[in-house]
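In case you want the letters, here they are:
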Amino acid sequence: MKAIVLAAALAALLGIGLLRPPPGSGPDDAAAPVADAAAQRRHGAYLARAGNCMGCHTAHGGEPYAGGHVLETSIGTFITPNITPDPDTGIGEWSAEDFWQALHHGQGRDGRPLYPAFPYPDYTRVTRPDADALFAYLQSLAPVAQRNPPGRIRFPFNFRPLLHVWRALYFEPGTYVPDASRDEEWNRGAYLVQGLGHCNACHTTRNPLGISQGDVLGGGRLMESNWYAPSLTSLQEGGMSDWAIEDIARLLTTGMAPRAAATGPMAAVVSQSLQHLRPEDARAMAVYLRSLPETAPYSRGPAPGLTGDVDRLLRQGEDIYEAHCRECHGAAGQGMLNAYPALAGNRGVTLASPTNAIRSVLFGGYGPVTERQPRPYGMPPFAQHLRDEEIARVLSYIRNAWGNRGSLVTAAQVDRSRKGIH
Amino acid sequence: MTQWLRSIALWLLAPVAVAAASADVQPAGAPDTMAERVKACIVCHTTADKAGRDAYYPRIAGKPEGYLFNQLRNFRDGRRHYRPMKLLLENLPDAYLREMARHFSALELAFPPPEPLAIPPEEADLARTLILRGDPARDIPACTACHGADLMGTAPFIPGLLGLPRVYLLAQFGNWRNGGLMRGQAHDCMSEIAGRLAPRETDALAAWLAARPGTTARPADAAAALPAELARRCGSIVLQSAGPQ
C-alpha cells in the first residue's frame, strides 16, 4: 500500500524529470584525439582499478568484467551487466560517446536512465580524458559472450522512468572542479576520493530509495547488510584528521594501520582497488582525507556506570576473552604485527553502533588479500560456538578494556545481527 | 656496588615502565605459517572429539588436495551451500584456497573414535555389499573402486570416507538425492550414484561408514588405482580441478 502511494507521488513528479533538458554538451563533452593509444589503455587499466569496475562487474568465480555479479539493495537485486567488448552481450558496439553518457550522465546506450546502484553520481566527477582512457581499456579486453539474467527490482522501482524524477531532484552531473586555494596533491586526492574511489557510495546515509540523505562521507549503513561504513569526518568513527599521512596511506593500500583494520566490504575495496594505487596517489588521497572538516570533536564513548552487575558482566566477558580471543589479539588487546589487529584504541571496536564488531565476532573473516600480503590471517566465526549472551559479554568487555570506552552490547543486539536484521 | 645502584635505578623506573606497558604494549609478530593462518578453520574442523552440538563438522585432514580445493571453490562461488564458510572465504583467491587445501591434505591427524554401529546385522551386510561390490544391475560400482580399497580416497579428487560423522554423511546423500539445495547442482558421477541409492541404503551406508575406525593410509594415486571407465564417469570433476592453479 505504502509502495503504491509512493509510486503515485513519484509518478506525479515524473513530469519534472521529463521536462529537464537533455544532458548538454559542456566543455568536457568532446573526445580529444590521443597520440599514444597503448599508453592510453595502460592509463585506463589503472583507472579501472581505482574505480573498482571489476569488483562489481565480475561474478564470483566468473570471467572478469563479464558481469553477473549479484548486488542486493533496498529496492531489489541487481545483476551487473557485461562490460567486455562483446557486440551482442557486452558493450562492443558502444562508442566513446555512449560510454561518456553512461559514466558522466548515467544514461544507457538506448537513452534510458541507469540506476545509481552503478555509482555514476560519483563517477560523474571523472574527466573526459580519463573516461576515454577507461573506455579504450575496456574495449581492449577479450570479448566474453555472456548474457546475464535481468535483475529483480521491486515494484514500483522497477519502473525505470521513475529515475528521471530521482535524477532531476538529486543528481547533478559535473566533472571535478579543482579548488584553487589548495595544492595539486590535495586536489588529486579529492578527485580520486570523490570520483573513481566512490567512497561516498558506501560512507553516507541513504534512504530506502538509495538516495543519499546524510552528509558527504558522514557514515551510514550499507544497504541490505549489517555493515556500517563509519563517518570519515568524525574522529569518533573513521575520521583521520589526527593521523599521520603514512598511516592513512598504509590503511588504504594494505588494510592495516596501527589501530585499525579493514574488514568485510572495506577489505574487499582494499584488495580489489586501493592496493593498486601508485604511492603518490595513495598519499594524495591520504592528504585529502586528513583535511576533511571534522563534524564532531573527539570524545570517548559513554562509559557504562560501574555497578556491581556491570562489573560482574565485564569479568565474565574477560573470561571469554582469555579463553577464545587472547591468543590472537593479545593480553592487552595489542594484537600481533601484520596479522591480528589491535583491539585497544581501535575505533572499529568502540563505534557507537556495535554492529560491525558483532558481525566480526559472529562471522569472522580474512583480512584483505594484497600483493604484499597474499595470505592474510583469519578471524574465526564464533556464531556456532558462543551463545548470544556470551558474545554480548565479550564485546562489552573489549569495548571497555585497556582504555577503551563504549556502551554495553546486549544479547538482543547480537540476536538481531545473527538473523541478518540490522 | 654497581649491582646495588642498578637495582635502585630499576626500582625507581619500574612504575613508569609498568604504566607505559599497560597503555601501549608493543605487538609481536605472528608465526609465518599456514597452521597459524587456518586457525579460523580449526574452530570447526578439529581433531578433538566434538560430540554434541558440533557433531556435524566433516574431517578434512588427509583428504586429496584436489578434492579439498574443489570444495573450497564450491563454497565460495555458491555451488555448495554452507553460509559460515561462504562468508569466511568470500574474498579469497584461488591461489590461497589451494594453499589451504594443500595444508589440510598434508595434515596427519588422529581419527576420532568410531561411532557405535547402531543398525541390525542385515543392514550392515547391505552396506558392506554396496561398498565392496556395488550393484551392477543398477550400474552402481563398488564404492571402493573409486574411494580406494581402504576407503581413504583417491588422489587428486576423490575424498576418503572414514572419520566422517553419520549425520554429515546422511546430509550429503540427502543433498545429492534432492539436488540443488546444498550440493549436486553440478551433475557428476557421485550425484548420479547417490541418486540411484534408496533411503534405506544410504541410512545403512552412513551408519556403517561412521562406525569404521580410520586408517593412516594416504589416498591412493589415481593413475594407478582408478579404472579408465570410472575416471571418465567423473570427467566433470577432473576437468574442474584442472582449472587455474
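It should be emphasised that the depicted structure is a prediction, and the values quoted were computed from it without experimental measurement.

Once that is clear, we can look at the overall build of chain B. Helix and strand counts for chain B come out as 14 helices and 3 strands. Out of the 245 residues belonging to chain B, those deemed buried represent 44%. Within chain B, contacts between residues at least 6 apart in sequence are counted, and of these 74% link residues at least 24 apart. Here chain B has roughly 12,700 Å² of accessible surface; of this, 64% comes from carbon and sulfur atoms.

Moving on, we get to the pattern of salt bridges. Residues and elements named next belong to chain B. Per the counting criterion, the structure on display carries 34 salt bridges over all chains. In this structure, the salt-bridge partner of D94 is R73, at a minimum N-O distance of 3.7 Å. Remark: R73 occurs in helix α4 (residues 65–76) and D94 occurs in helix α6 (residues 94–106); sequence separation between them is 21 residues. Of the two residues, D94 and R73, neither departs from the other in class, the shared state being buried. One connected set of salt bridges, linked through shared partners, spans R73, R76, D77, R79 and D94.

At the interface, 38 residues of chain B touch 30 residues of chain A. When chain B packs against chain A, close to 2,800 Å² is buried across both sides, 55% of that on carbon and sulfur atoms. Among the residues chain B hides against chain A, the three largest losses belong to B:P27, B:R37 and B:L88. Together they make up 19% of the total. Our count for the chain B to chain A interface comes out at 3 salt bridges. Residue B:D32 pairs with A:R375 through a salt bridge whose shortest N-O separation is 3.6 Å. Put simply, chain B and chain A have 9 residue pairs in polar contact (both at pLDDT 80 or more) between them. The set of elements that each furnish at least two residues to the side of chain B that touches chain A consists of β1 (28–29), α2 (34–37), α3 (39–42), α5 (83–89) and α6 of chain B. With 5 residues, the top contributor of residues to the side of chain B that touches chain A is α5(B).

By convention, interface size is frequently given as the accessible area that disappears when the constituent parts associate. Residues and elements named next belong to chain B. By the assigned domains, chain B splits into domain 1 (3–105) and domain 2 (121–242). Buried surface at the junction of domain 1 and domain 2, summed over both partners, amounts to about 1,800 Å²; 48% is from carbon and sulfur atoms. For domain 1, the biggest contributors to the area lost against domain 2 are Y56, P64 and Y67; these three give 30% of the whole. There are 0 salt bridges connecting domain 1 and domain 2. At the boundary of domain 1 with domain 2, the tally comes to 5 residue pairs in polar contact (both at pLDDT 80 or more). Elements that contribute at least two residues to the side of domain 1 that touches domain 2 include exactly α4 and α6. Looking at the side of domain 1 that touches domain 2 element by element, the count peaks at 7 residues for α4.

Take the sheet that holds strand β2 (residues 76–79) of chain A next. Through backbone hydrogen bonds, the strands of a sheet pair up, either in parallel or in antiparallel fashion. All names here are of chain A. Taken in spatial order, the 3 strands line up as β1-β2-β3 in an open sheet, and their pairing is antiparallel. A strand with exactly one partner marks an edge of an open sheet, and here the two such strands are β1 (70–73) and β3 (152–153). With 2 bridges connecting them, β2 and β3 associate as antiparallel partners. Bridge assignment links T77 to a residue of β3, and that residue is R152.

Take the pairing of β1(A) next. All names here are of chain A. Residues of β1 alternate between two faces, with L71 and T73 buried on one and V70 and E72 left unburied on the opposite face. Bridge count between β1 and β2: 4 bridges; the pairing is antiparallel. Across the sheet, the residue bridging to V70 is I79, located in β2. The turn joining β1 and β2, which pair antiparallel and follow one another in sequence, is formed by 2 residues.

Rules used in this analysis
Residues numbered from 1 in each chain as written. Chains lettered and ligands numbered in written order. Predicted model: local features only at pLDDT ≥ 70, side-chain atom pairs only at ≥ 80, totals over all residues. Heavy atoms only, no water. Helix = DSSP H or I, 4+ residues; strand = E, 2+ residues; numbered from the N terminus. Buried < 20%, exposed > 50% of the residue type's maximum accessible area, 1.4 Å probe, protein only. Contact = heavy atoms within 4.5 Å. Areas by Shrake-Rupley, 256 points an atom, 1.4 Å probe, with all protein chains shown as cover. Salt bridge = Lys/Arg side-chain N within 4 Å of Asp/Glu carboxyl O. Buried area = accessible area lost by both parts, 1.4 Å probe. Polar contact = N/O pair within 3.5 Å; in protein donor to acceptor, adjacent residues only side chain to side chain. Domains from an automatic or database assignment. Pairing = 2+ DSSP bridges.

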